[in-house]
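Letter by letter, the chains look like this.
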Amino acid sequence: MNNLADIAAALKDTRSVLICGHVMPDGDSLGSVLALGLILEGMGKKVTMAGADPPPEIYDFLPGLAKYQVGLPPDVEFDTLVIVDCSVPERLGPGFQGLLAGDRDIIILDHHAGSSCPGKYRYIDPSAAAVGEIIYDLIMEMGLKISPEVGMCLYTAIVTDTGSFQYDSTTPDTLRRVANLMEIGVPAAQINVRIYEEKPQAFFQLLCSALSTLTTSRCGKVSWMMVTREMLENVGAKDEHTEGLVNYARSVRGVEVAIFFREIEKSNYKISFRSKDVVDVDKLARQFGGGGHQRASGCTIEGEIDKITSQVVAAAKLAVRNIG
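Keep in mind the model is a prediction, meaning the values are calculated, not measured.

About the cut-offs
Position labels on residues start from 1 in each chain and follow its written sequence. Per-residue local features of the predicted model are confined to residues with pLDDT of at least 70, and side-chain atom pairs are confined, for both listing and counting, to 80 or more; whole-chain, interface and lining totals are unaffected and use all residues. Hydrogens and water are ignored here; the side-chain numbers use all heavy atoms of the structure. Categorising residues by exposure relies on relative accessible area from a 1.4 Å probe, with only protein chains included: less than 20% of the type maximum marks a residue as buried, more than 50% marks it as exposed, and the intermediate range marks it as partly exposed. Per the convention used, a helix needs a DSSP run of H or I reaching at least four residues, while a strand needs a run of E reaching at least two, with both numbered from the N terminus. Any two strands are treated as partners once DSSP identifies two or more bridges connecting them. Nonpolar cores are built from buried Ala, Val, Leu, Ile, Met, Phe, Trp, Tyr and Cys residues. Side-chain atoms within 4.5 Å join them into one set. We call two residues contacting when some pair of their heavy atoms lies within 4.5 Å. Lines fitted to C-alpha atoms define the axes, with helix axes restricted to the stretch in contact, and inter-axis angles between N-to-C directions lie between 0 and 180 degrees. The patch calculation keeps residues exceeding 30% relative accessible area without a salt bridge and links them within 9 Å when they carry like charges or within 5 Å when they are nonpolar (Val, Leu, Ile, Met, Phe, Trp, Tyr). Each accessible area is a Shrake-Rupley estimate made with a 1.4 Å probe; only the visible protein chains count as cover when residues are assessed. The rule for a salt bridge is simple: a side-chain nitrogen of Lys or Arg has to be within 4 Å of a carboxyl oxygen of Asp or Glu. The arc in question is traced by the directions running from the helix axis to the C-beta atoms.

Enquirer: Describe the pairing of strand 4 (residues 80-84), with residues and values.
Expert: With five of five residues buried, strand 4 lies mostly within the body of the structure. Of the two faces of strand 4, the one holding Thr-80, Val-82 and Val-84 and the one holding Leu-81 and Ile-83 are both buried throughout. In the sheet, strand 1 (residues 16-20) pairs with strand 4 via four bridges, with the strands oriented parallel. Paired with Cys-20 across the two strands is Ile-83, which belongs to strand 4.

In structure tokens:
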């Protein structure tokens, strides 16, 4: 694995760069792309920021978002490809995965332990609470000043991937970085309101439907809930409105593992796992071809939902049984 000094040198040498994250961008992926893009633009680089899927509306306040291109890879020339917060090539989305086959320099910046995206330069730090932390450290390594605009993107990346600093991935260094961002003028409280306290009515209607599916195992340690396409359509909600719903299952007293099943399309389901204290849900997700972090992970499974639910819940029950 390369160190940040190697990557800083490579970025200083490049003239043009394409920066992208994973499909269905979350706050960490999007904030990291935008923060790095704005910093490199400030250095006089030709920068393109792009992704396969549109950003969720809750992030429409982020500086630089208007420059974020959505869809297939932009038809632009670039010397360097930077991929952030993406653990496997498939998560790049249609078209973007093919960029890995080029002869240009590729830089991977990630905090997923099982990250397998190939690149000439790779910096993977599973101890980082968010890729936003890695981008912050990279900017420091480059000897550059973080503007309030860049800071807003970094703060968003960090606050969302730490669950508002509630997850045990949050470290003293996480909070020191955030304190430094606030000192340069990042309006943390305002950002928190935009992300967490301004939900459309459709979100609450969807939440009601999802909570009606909430189920807890007899042992009381596994809880799960579901959202189907029909439920989304009935209330006029979007896929992005399912973000964070898994935490309601996680909040049930006594629950160690929470599971959220979301129907992406017919017979295709995205499954999110969360744990509180002990169970490594990264290992749990890997049983189904996914992965992530010890306390937050996911996978995608095709098939009949009853069979999928039975298999996944059984695996979660076994995981909590093994911890005693």
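Enquirer: Got a sec to walk through the nonpolar core? Specific residues and values, please.
Expert: In terms of nonpolar packing, the biggest core is built from 52 residues, with Leu-11, Leu-36, Val-82, Leu-109, Ile-135, Leu-138 and Leu-154 touching the most fellow members. It is helix 2 (residues 27-42) that contributes the most residues to this core, eight residues altogether. Ignoring any residue separated from it by four or fewer positions in sequence, one finds Leu-11 in contact with Leu-36, Leu-40, Lys-45, Val-82, Ile-107, Leu-138 and Met-142. Counting residues in each nonpolar core, the second largest holds 24 residues, with Cys-299, Ile-308, Ala-316 and Val-320 among its members.

Enquirer: Pulling in residues and values, what's your account of the sheet that holds strand 2 (residues 46-51)?
Expert: Spatially, six strands are ordered 3-2-1-4-5-6 in an open sheet, and the strand pairing comes out parallel. Here the strands that pair on one side only, and so sit at the sheet edges, are strand 3 (68-70) and strand 6 (121-124). In this sheet, adjacent strand axes meet at a mean angle of 20° when their direction is disregarded. Bridging between strand 2 and strand 3 involves three bridges; their strand directions are parallel. Paired with Ala-50 across the two strands is Gln-69, which belongs to strand 3.

Enquirer: Requested: an account of the environment of Gly-64, with residues and values cited.
Expert: Of note, Gly-64 is situated in the loop between strand 2 and strand 3. In sequence terms Gly-64 and Gly-37 are 27 residues apart; their C-alpha atoms lie 8.2 Å from each other. Beyond its immediate chain neighbours, meaning those up to four positions away, Gly-64 contacts Leu-34, Leu-38 and Met-49.

Enquirer: So, unusual backbone geometry: which residues are in play, and what are the values?
Expert: Backbone geometry at Asp-85 places phi at a positive 55°, although glycine is not the residue there. Tracing the backbone through its elements, the reader meets Asp-85 in the loop between strand 4 and strand 5 (105-110). Judged by relative accessible area, Asp-85 falls into the buried class, the value being 3%. With a phi angle near 65°, Ser-267 is a residue other than glycine that sits in the positive phi range. Structurally, the position occupied by Ser-267 is in the loop between strand 9 (257-265) and strand 10 (268-275). Taking relative accessible area as the criterion, Ser-267 reaches 34% and is therefore assigned partly exposed.

Enquirer: Summarise the sheet that holds strand 12 (residues 296-302); cite the residues concerned and give the values.
Expert: One open sheet holds the six strands; their spatial order is 7-8-9-10-12-11, and the pairing between them is mixed. Taken across any chain shown, the strands that pair with only one partner, and hence form the sheet edges, are strand 7 (215-216) and strand 11 (291-292). The pairing of strand 11 with strand 12 spans two bridges and is antiparallel. In the strand pairing of strand 12, Gly-292 is matched with Ser-297. Contacts from helix 11 (residues 305-321) reach strand 8 (222-227), strand 9, strand 10 and strand 12, with the element oriented near 160° to strand 9.

Enquirer: How would you summarise a nonpolar patch on the surface if you had to cite specific residues and measurements?
Expert: Where nonpolar side chains cluster on the molecular surface, the patch consists of Leu-211, Leu-214 and Tyr-248 and spans about 230 Å² of accessible area. According to the relative accessible area criterion, Leu-214 is partly exposed, its value standing at 32%.

Enquirer: Describe in detail helix 6 (residues 188-196), supporting the description with residues and values.
Expert: Turning to helix 6, its buried residues number three or more, namely Ala-188, Ile-191 and Ile-195. When helix 6 is viewed along its axis, its buried side chains cluster within an angular range of 60° and face the same direction. For helix 6, the exposed residues set more than 90 degrees away from the buried face come down to Ala-189 and Gln-190. Packed against the buried residues of helix 6 are helix 4 (148-161) and helix 5 (172-183).

Enquirer: Mind laying out the environment of Ala-128, listing which residues take part and the relevant values?
Expert: Along the chain, the position of Ala-128 falls in the loop between strand 6 and helix 3 (131-141). Ala-128 sits in the buried class, given a relative accessible area of 7%. Along the sequence, Ala-128 and Asp-173 sit 45 residues apart, while their C-alpha atoms lie 9.4 Å from each other. In contact with Ala-128, not counting residues within four places along its chain, are His-111, Glu-133 and Ile-134.

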